[in-house]
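Chain residues, written in single-letter form:
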Amino acid sequence: MKRFTSFRADFTASLVVFLVAVPLCVGVAVASGVPAELGLVTGVVGGLLTGLLPGSSLQVSGPAAGLTVLVFEAVKEYGLGTLGALVLAAGVLQLVMGALKLGRWFRAISVAVVQGMLAGIGLVLIAGQLYALTDAKAPGSGLANIGGFPGLVSSTAGSPDALAALAIGAGTIAVLVLWPRWRPAARVLPAPLAAVALATTAVWALDMPVARVQVSGLLDAVQPPGLDDLGRLGSFGVLGTVLAFALIASAESLFSAAAVDRLHDGPKTDYDKELMAQGAGNAVCGVLGALPMTAVIVRSAANVQAGAKTKASRVLHGVWLLVFAAAFPAALGVVPVAALAGVLVHAGCKLIPVRALGPLWREHRGEAVVLLATAVAIVTVNMFEGVLIGLLMAVAKTAWETSHVHLEIRTPEDTAEPVQVRAVGNATFLRLPKILDQLESLPADRDVELDLSGLRHLDHACEAALNNWTEQHRRSAREVELVS
């Protein structure tokens, strides 16, 4: 009975993830300048192969949104045929990194950075899918999408077709919000499935002029790299692209794994095995000439929120992608794009920790700043660089907080006795201005006994500054005794 209950949860979750995966696979492919079918190929491999491998039980893999710009530039410079060779080489490099146990280093990730990553991805997702809600084409980057909102509003208001699509998308979001409150129905059918089914029925019944999902067969799109394409891997520029693919894909996947682990109570990720699973998936995608793969936080979060229990849900999602997109592509033609956009907008909203931000700001303001900075950086730059900015800020915040140092100053009434100064804590360059201000405020006409034995750490900058202050004080004909 327990196995049946688990399989039932995984089955329904896989359908939800499938519905979320379709627009992501197609959208990433189009944005990368390759046929839409290649994005679906990567999604299928992410489900059927990577989904079966050990690593993370609930994380779902697919086309790498963070590599969109790199893929576009690589295809433009080297051609579509070379893409497979690049992805294959990146996958092999990931396998080597996993075998060397390098994935475990990604476990040391600040919670604020992870929450900021989720919030940033949610904002980027919402900004892009608001265009799809009206069957419009998004300008591209997060900032460009946000800047285009006034034009989107004016163009939608003057277009009956756009308003019809918006009605379908808004209705889908309304069902997603209200459906869980109808508990008997929610136990039988997940909200995303109900929302998309109702939207599809409405479009069919009313014959509404809205865009549907358009996908042709996958077999014609598969183009394995040839010997000439593989031969290009020897050039310096191509090797640099391979390294960028491997590092960015690995970072995105393992950052995503850290985020997904915080969304559920099940088995946690084995980072080295997950890195090897991603490498195996990318190697196969390279052989098929498809897009590079990463773990995708949007569909992973949808998988967890839909109630998935085991890796069966992500494998089944790959089955649905293969069956509907490869064998029966026309079956997707009845689903309105605006409905899928509504699912993604709703998923993006759930990634933004609105309720947690207030208490975090009141209790841990530094963590809140890191969270907000990470989210803003992802929106304005991209995911990988945004997370790096967040990590650097988290490290800087930690360094500042751990570099506490204070000077215990005792000034005897007898002027013949030296002023006693005892330094306690961690003396780093971050606190150097404070230290020097206190030392320079000491009486210039008194000897000083400077006790450094209470310092747990004294970096080079502070040591040099203290030695310099000692020499200057001695020049005024006063003695400084250092105790260490």
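Residues numbered from 1 in each chain as written. Predicted model: local features only at pLDDT ≥ 70, side-chain atom pairs only at ≥ 80, totals over all residues. Heavy atoms only, no water.

**Quick look at the overall build of the protein**
If you tally the helices and strands in the protein, you get 21 helices and 6 strands. The C-alpha extent of the protein, read off along each of the three principal axes, is 100 × 55 × 55 Å. Counting every position in the protein, which comprises 484 residues, the buried fraction comes to 50%. The long-range fraction of contacts in the protein, counting pairs at least 24 apart against all pairs at least 6 apart in sequence, stands at 79%. When the accessible surface of the protein is summed, it comes to about 22400 Å², and 65% of that surface belongs to carbon and sulfur atoms. Averaging the positions of the 34 positive and the 35 negative side-chain charges in the protein gives two centres separated by 13 Å. (Helix = DSSP H or I, 4+ residues; strand = E, 2+ residues; numbered from the N terminus. Buried < 20%, exposed > 50% of the residue type's maximum accessible area, 1.4 Å probe, protein only. Contact = heavy atoms within 4.5 Å. Areas by Shrake-Rupley, 256 points an atom, 1.4 Å probe, with all protein chains shown as cover. Lys, Arg positive; Asp, Glu negative; His and termini not counted. Charge placed at Lys NZ, Arg CZ, Asp CG, Glu CD.)

**Considering helix α14 (residues 297-305)**
Taking burial as the measure, the 9 residues of α14 include 8 buried ones, the bulk of the element. Every buried residue of α14 is accounted for by Ile297, Val298, Arg299, Ser300, Ala301, Ala302, Asn303 and Val304. Just past α14, the residue Gly307 takes up positive phi, approximately 95°.

**Overview of the nonpolar core**
Nonpolar side chains tend to gather and get buried jointly when the protein is soluble and globular. One finds Leu83, Leu86, Phe245 and Val298 to be the most contacted residues of the largest nonpolar core, which totals 94 residues. Ranked by residue count, the leading element in this core is helix α12 (residues 236-261), at 13 residues. Dropping the residues within four chain positions of it, Phe245 is found in contact with Leu67, Leu70, Val71, Ala74, Leu83, Leu86, Val87 and Ala90. Of all hydrophobic cores here, the second largest spans 18 residues; its members include Ala427, Leu432, Val448 and Leu450. (Core = buried A, V, L, I, M, F, W, Y, C linked by side-chain atoms within 4.5 Å.)

**Concerning the environment of Arg104**
For Arg104, the position within the fold is in the loop between α4 (80-99) and α5 (111-132). Look at Arg104 and you get partly exposed, because its relative accessible area is 37%. A sequence separation of 308 residues divides Arg104 from Pro412, and the C-alpha atoms of the two residues are 55 Å apart. Apart from the residues within four sequence positions on either side, Arg104 is in contact with Tyr271 and Asp272.

**So, the packing of aromatic side chains**
Taken as a whole and judged by the stated rule, the model has 3 aromatic pairs. Between Tyr131 and Phe149 the ring centres are 6.0 Å apart and the planes differ by 35°, which places this aromatic pair in the tilted class. Of this pair, Tyr131 sits in helix α5 while Phe149 sits in helix α7 (residues 149-157), placing them 18 residues apart in sequence. Accessibility expressed as a relative area gives 4% for Tyr131, which makes it buried. Residue Phe149 is classed as partly exposed on the basis of its relative accessible area of 24%. Seen from their ring centres, Trp179 and Trp182 are 5.4 Å apart, and the 70° between their planes marks the pair as edge-to-face. (Phe/Tyr/Trp six-rings, centres within 6.5 Å; stacked < 30°, edge-to-face > 60°.)

**As for the pattern of salt bridges**
The tally for this structure, following the rule as stated, stands at 3 salt bridges. When the shortest N-O distance is used, the salt bridge between Glu367 and Lys397 registers 2.7 Å. On the criterion of sequence distance, the pair formed by Glu367 in helix α18 (residues 365-380) and Lys397 in helix α19 (residues 383-402) is long-range, its members being 30 residues apart. Of the residues examined, Lys397 reaches a relative accessible area of 15% and is grouped as buried. Here the salt bridges share partners, and the residues they tie into one network are Glu408, Arg422 and Asp451. (Salt bridge = Lys/Arg side-chain N within 4 Å of Asp/Glu carboxyl O.)

**As for the side chain of Thr82**
By the element assignment, Thr82 lies in helix α4. Judged by its relative accessible area of 1%, Thr82 falls in the buried class. At a separation of 3.0 Å, a polar atom in the side chain of Thr82 contacts the main-chain carbonyl oxygen of Tyr78. Other than its neighbours up to four places away in sequence, Thr82 contacts Asp229 and Arg232. (Polar contact = N/O pair within 3.5 Å; in protein donor to acceptor, adjacent residues only side chain to side chain.)

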